[in-house]
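Tertiary structure, described
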There are 2 protein chains.
Amino acid sequence: MALSQEKIILNCPFRQTLDVLEGKWKFAIIHSLLLHGTMRFKALERDVEGITARMLIKELKLLEAHGIVHRRAYATVPPTVEYSLTECGQSLEPIIQAIQAWGIQNQAVITQSKISTARKTPAAARKA
Amino acid sequence: MALSQEKIILNCPFRQTLDVLEGKWKFAIIHSLLLHGTMRFKALERDVEGITARMLIKELKLLEAHGIVHRRAYATVPPTVEYSLTECGQSLEPIIQAIQAWGIQNQAVITQSKISTARKTPAAARKA
DNA sequence: CCGTATCCAGAGGGATACTG
DNA sequence: CAGTATCCCTCTGGATACGG
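Residues numbered from 1 in each chain as written. Chains lettered and ligands numbered in written order. Predicted model: local features only at pLDDT ≥ 70, side-chain atom pairs only at ≥ 80, totals over all residues. Heavy atoms only, no water.

- Per an unreviewed UniProt entry, chain A is named Helix-turn-helix transcriptional regulator, and its organism is Hymenobacter cellulosivorans.

**Topic: the sheet that holds strand E1 (residues 39-40) of chain A**
Residues and elements named next belong to chain A.
- Strand order in the open sheet formed by 3 strands is E1-E3-E2, with antiparallel pairing between adjacent strands. Every interior strand has two partners, whereas the edge strands, E1 and strand E2 (69-74), have only one.
- The sheet contact formed by E1 and strand E3 (residues 80-85) spans 2 bridges and is antiparallel. Residue pairing in the sheet places methionine 39 in a bridge with tyrosine 83 of E3. (Pairing = 2+ DSSP bridges. Helix = DSSP H or I, 4+ residues; strand = E, 2+ residues; numbered from the N terminus.)

**Describing the protein's contact with DNA strand D**
- Taken together, the neighbourhood of DNA strand D is formed by 20 residues, with Arg54 of chain A together with Lys42, Ile57, Arg71 and Tyr83 of chain B sitting nearest.
- In the interface set of DNA strand D, defined as its atoms within 4 Å of the protein, sugar plus phosphate atoms amount to 71%.
- In the model, a sugar or linking oxygen of DNA strand D is placed 3.4 Å from a nitrogen or oxygen of the proline 79 of chain B main chain.
- Valine 81 of chain B has a polar backbone atom sitting 3.4 Å from a phosphate oxygen of DNA strand D.
- For the surface near DNA strand D, the elements supplying multiple residues, two or more each, are helix H4 (53-65) of chain A together with helix H3 (41-47), helix H4 (53-65) and strand E3 (80-85) of chain B.
- The element contributing the most residues to the surface near DNA strand D is H4 of chain B, with 3 residues.
- Looking at side-chain class alone, the surface near DNA strand D contains 10 nonpolar, 1 polar and 9 charged residues. (Near = heavy atom within 4 Å. Polar contact = N/O pair within 3.5 Å; in protein donor to acceptor, adjacent residues only side chain to side chain. Nonpolar A, V, L, I, M, F, W, Y, C, P; charged D, E, K, R; others polar.)

**Comments concerning the sheet that holds E3 of chain B**
Residues and elements named next belong to chain B.
- In space, the 3 strands of this open sheet follow the order E1-E3-E2, with antiparallel pairing throughout. Edge positions in the sheet fall to strand E1 (39-40) and strand E2 (69-74), since each of these pairs with one other strand and no more.
- When E2 meets E3, the two strands line up antiparallel, connected through 6 bridges. In the sheet register, valine 69 faces E3, and the bridge partner there is leucine 85.
- Relative to the sheet, helix H2 (residues 26-36) contacts E1, E2 and E3, its axis offset from that of E3 by approximately 95°. (Contact = heavy atoms within 4.5 Å. Axes fitted to C-alpha atoms, helices over the stretch in contact; angles between N-to-C directions.)

Structure below.
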C-alpha cells in the first residue's frame, strides 16, 4: 500500500493517530501490553522501565478514553486492577512491530550517531 | 515476526527508536518527505500544517544529527536548501505506513472517542 | 496494591522581530 | 528564501506525601 497523497493536514487520519499516541510513554505501554496481554498496574510499572506511577496512570487514563486500553478493577483487598488492550488497541500491533523492527535493524546506526540527548532529571539536577 | 520477549528496558532497540522519533513533529516531517522526496524548507513548512519555522528547523537539525535527514544548501540568492531522507530515513517508511493505515482503519473510532484534547495556544489564551 | 494531590523545574513550543 | 534571536507561557513529567 502506498502512502496517501494528501497533504499532511490537521485532522487527517495520520495526524489524528499521532494525537492518540503522543506522549513519552504510550508506545512503551502498548508494547508491554502486547507482549504480556493482561497486566496489573504494578506489573506495568515494573515493565516500563523509568515510568512513574503518576505518569503511568495518566497515560493509561488517556489510552482508556481513546478506547485503546481496557481497565478492569476487582473489589479485593488489597485492590486488584487489570489492564489489557481492546480490540482497537491490539490493532496497533503492526505499528509497534514496525518500530521494533526498525530499531533492531538500525541499532548500530542509532547508537553511533547518538547525540547527547541525555538530559538530567530535575532531581538529578538539584543534587548536582 | 513476533514481538521480542525482552523487557521494555531503556536502551533496547525499541526505546532507542522512540528517542529518535520523539517530539511533536518528527513523524509528520518524515511522512511529508516520504511523499514528496526532496523538499525545500518552505515547501516543508507549508506541507506540515501547523508547524512554525522555528520548530521545523529544530526538528530537522535533530533528524539530520541522527542520520535520518540529509540537508543540502546551494549558494544561490536567495538561498536554496533542500531536505531529503537518507537511506536510513527511507527505511522508516513501514512505520509511517503502519500509522497511516491504522488511522484510516480507525478514523471513525478516533473521532468518536475524541476527548477535548484541544488546548489553547499561548497567544489564543492571551487574546481571550 | 492502587491510586490521588500537591509542588515545581524545565523542556516544549508559539509569536514576533530580525539578518544574510 | 532560509534561517536566528528573544520573549514568555504552558504543559510535561519527576519527587514526594498521602488516602482507600
